[in-house]
Amino acid sequence: MEALQKPEETHKITRLSLLKRKQFWVDAPLQLQILGYALILVTGSLLLVCFSMLRGLEQASAQSRQIFHSLEWVRQTVSAPLLIASSLSILAVAVTTLLWSHRFAGPLRVLSAGISRLRQLNFTVPTKVRTTDAHQELVREFNEMQEHLRAMLADERRKAHAGAVELKHAAAKLHGDEKKRLETAAHELEKFGEAFKL
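This text gives an overview of the structure that appears in the document. (Residues numbered from 1 in each chain as written. Predicted model: local features only at pLDDT ≥ 70, side-chain atom pairs only at ≥ 80, totals over all residues. Heavy atoms only, no water.)

1. Quick notes on the side chain of Q146
- Here Q146 shows up in helix α4 (residues 136-172).
- On the basis of relative accessible area, Q146 is assigned to the buried category, the value being 4%.
- One polar contact links the side chain of Q146 to the main-chain carbonyl oxygen of V125, over a distance of 2.9 Å.
- Setting aside residues up to four positions removed in sequence, Q146 forms contacts with L118, F123, T124, V125, P126 and T127. (Helix = DSSP H or I, 4+ residues; strand = E, 2+ residues; numbered from the N terminus. Buried < 20%, exposed > 50% of the residue type's maximum accessible area, 1.4 Å probe, protein only. Polar contact = N/O pair within 3.5 Å; in protein donor to acceptor, adjacent residues only side chain to side chain. Contact = heavy atoms within 4.5 Å.)

Here's what the structure looks like:
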């Protein structure tokens, strides 16, 4: 029994290991850029909160002219600057996240539209994204694939039309049912690829 279970467990482990990425840095420049922006935002937020708290305490202490203050006084004095600094930090993170998500989601929507065009047999429109967007390599490879498919289909359509001409010439030499079958086949070959927008 144990001998039978071990291959299954090995198979499960192998399947799970295929789902894991082998490298942590998949796109190092992009990942480092995101990490840098996140660190700048967090550091800036913490500095803003600390500065606001210290500045608020300093101003309140100077106004009250006391050396020691109660915790209630400190809480009341710090709450407004802390609330303002926290709100500004949250707003900055929200705006930055929105901009970054746009850089990632925009190209994916453009690729989705490109795939939809291919599904409708339209190979004429290349997929374009801004140079500041993410997924540049994916979009470039998609465009190369689309162009390769377009060229391949255009070549096949040209061959089909050439074959149709040959069949028409052969049909001209025949009579009866054979002629009709060749003319029908030639007509079908001429229609090949008409649905594609190349």
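2. What about the nonpolar core?
- Ranked by size, the top nonpolar core spans six residues in total: L111, L118, F123, V139, F142 and L153.
- For this core, the elements supplying multiple residues, two or more each, are α3 (71-119) and α4.
- It is α4 that contributes the most residues to this core, three residues altogether.
- Excluding residues within four positions of it along the chain, F123 makes contact with L118, Q146, L149, R150, L153, F196, K197 and L198. (Core = buried A, V, L, I, M, F, W, Y, C linked by side-chain atoms within 4.5 Å.)

3. Observations regarding α4
- For α4, which comprises 37 residues, the first-to-last C-alpha distance of 54 Å matches the rise-based estimate of 54 Å (1.5 Å per residue) to within 8%.
- All buried positions along α4 are accounted for by V139, F142, N143, Q146, L153, A160, A164 and A171. (Expected span 1.5 Å × (residues − 1).)

4. With respect to the environment of L108
- Positionally, L108 belongs in helix α3.
- L108 sits 31 residues away from V139 along the chain, and the two C-alpha atoms are 8.9 Å apart.

Scope: geometric values only; no functional claims are made or implied.
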